[in-house]
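What the coordinates show
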Amino acid sequence: MTLASSFSETGLYGSGLLVDATGESLRPGGLELSKRLISTANFSSGELVVDIGCGRGTSLAQLLSRDCAVLGVDMAADALTAPRQAICGVRVVCARGPELPLRTASVGGILAECSLSLMSSRRAALAEWARVLRPGAVLAIGDVFARHPQGSDEAVAGIAGQKTLIRELSSVGLSVLCFEDCSDVLKSWIARFIFRHGTLDSLWNGACGLSAEKARRAAIGYFLTIARKSAGGCDV
C-alpha cells in the first residue's frame, strides 16, 4: 500500500516511495526546498517535530541534523521501514494524518510535505495537527495548490487555492506567517518524472480525485507556508 493509496485513492503523486532513476526521492519540492522550509520554520533544538507522511525519511534526516527530536508518521508500511534502515534510532509510527497517537499540546512542530493535499478532509487533518501542537509552535507545509482554482477559490478536487488554505488554517487557530509560491520547482520535477515514468498519466491517476486535465486547467503550483498556533488555541 502506498502513501497515496492510503491517504486518498491511487496514483504516484505524494507517494513517499517515489524515486527517480538514480534512487533519489522524487518529490515536487526536492531536497533544497525541504531544507528551506525547515530552516524557515526554525524548529528549536530538542523540540519534538512530527513529519507527517515521512516516506523514505529524507526530511527526518534534515530535522535530526538540526538536533530536533523527531517522529515520522506515514500510512505506508513499506515507507516506514526505510527510515529505520537509513537513520539510526528514528521513531516512526503507522497512523492517519487526522488521527495522530499524540497527546494534546505535546508537539513542538509539524512538518507536512505533500501530505495535506492527500487527506480526505483537510480541515480534519489541520484540526488534528493544531490539537497536538503546543501554543506558539509552528506547522510547516510544502505542498501543491491550485493557482487557478474554480469558482470562489474553492478546491479543485482535493487541491485548494491559496485563499482557501489560509482560511482553513485560520479556522483551527493557526496564523499564517508566510505563504510563498515556489511553482517554478515543478518544471524540473515533472521533467524528472516523465524521464522516469515516460508519461504524466500515472502521476495523478485519481489521487485527490484529480485528473491530469483538471490539474492543467487549475495550473497546479507548489507552495511553502509557515503557520503558528495561537497562544489561546482554537475550539475545533
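Scroll up to find the structure this text is about.
Here the structure is a predicted model, which means the values were calculated and not measured.

Pairing is mixed in the open sheet, where 7 strands are placed in the order S3-S2-S1-S4-S5-S7-S6. A single partner strand is all that each edge strand has here, and the edge strands are strand S3 (91-94) and strand S6 (174-181). Taken over all neighbouring pairs, the strand axes of this sheet differ in orientation by 20 degrees on average, direction set aside. Sheet strands touched by helix H5 (residues 122-132): strand S1 (48-52), strand S4 (107-113), strand S5 (133-146), S6 and strand S7 (220-229). Its angle to S5, the strand with the most contacts, is close to 155 degrees. Contacts from helix H6 (residues 162-171) reach S5, S6 and S7, with the element oriented near 160 degrees to S6.

So, about the pattern of salt bridges. One pass over the structure, following the stated rule, counts 6 salt bridges. Arginine 36 is paired through a salt bridge with glutamate 180; the nearest N and O atoms lie 2.5 Å apart. Here the residue arginine 36 occupies a position in helix H2 (residues 30-41), and glutamate 180 occupies one in strand S6, the gap between them amounting to 144 residues. Residue class for glutamate 180 comes out partly exposed when judged on its relative accessible area of 34%.

With that settled, consider the pairing of S5. With 11 of 14 residues buried, S5 lies mostly within the body of the structure. On the question of chirality, the crossover connecting S4 to the parallel S5 by way of H5 is right-handed. Two elements, S5 and S7, share 9 bridges in a ladder whose sense is antiparallel. Bridge pairing in S7 links glycine 142 to leucine 224.

For the structure on display, the rule yields 3 cavities of 30 Å³ or more. Taken as a whole, the second largest cavity encloses approximately 50 Å³ of empty space. If you trace the second largest cavity, you find 10 residues lining it, with Leu116, Ser117, Arg122, Val144 and Leu165 closest to the centre. Looking at the lining of the second largest cavity residue by residue, the class counts come to 6 nonpolar, 2 polar and 2 charged.

In this structure, asparagine 42 takes a positive phi of about 55 degrees despite not being glycine. Here asparagine 42 shows up in the loop between H2 and S1. Here cysteine 114, not a glycine, exhibits a phi torsion of approximately 50 degrees, which is positive. Locating cysteine 114 in the fold gives a position in the loop between S4 and H5. Classification of cysteine 114 as buried rests on a relative accessible area of 6%.

Cut-off values and rules
- Residues numbered from 1 in each chain as written.
- Predicted model: local features only at pLDDT ≥ 70, side-chain atom pairs only at ≥ 80, totals over all residues.
- Heavy atoms only, no water.
- Pairing = 2+ DSSP bridges.
- Helix = DSSP H or I, 4+ residues; strand = E, 2+ residues; numbered from the N terminus.
- Axes fitted to C-alpha atoms, helices over the stretch in contact; angles between N-to-C directions.
- Contact = heavy atoms within 4.5 Å.
- Salt bridge = Lys/Arg side-chain N within 4 Å of Asp/Glu carboxyl O.
- Buried < 20%, exposed > 50% of the residue type's maximum accessible area, 1.4 Å probe, protein only.
- Right-handed = clockwise from strand over helix to strand, strands pointing away.
- 1 Å grid on protein atoms, 1.4 Å probe; cavity = no way out; pocket = protein on both sides within 12 Å on 5 of 7 lines; lining within 4 Å.
- Points joined across faces, edges and corners; volume = space filled by probe spheres on them.
- Nonpolar A, V, L, I, M, F, W, Y, C, P; charged D, E, K, R; others polar.

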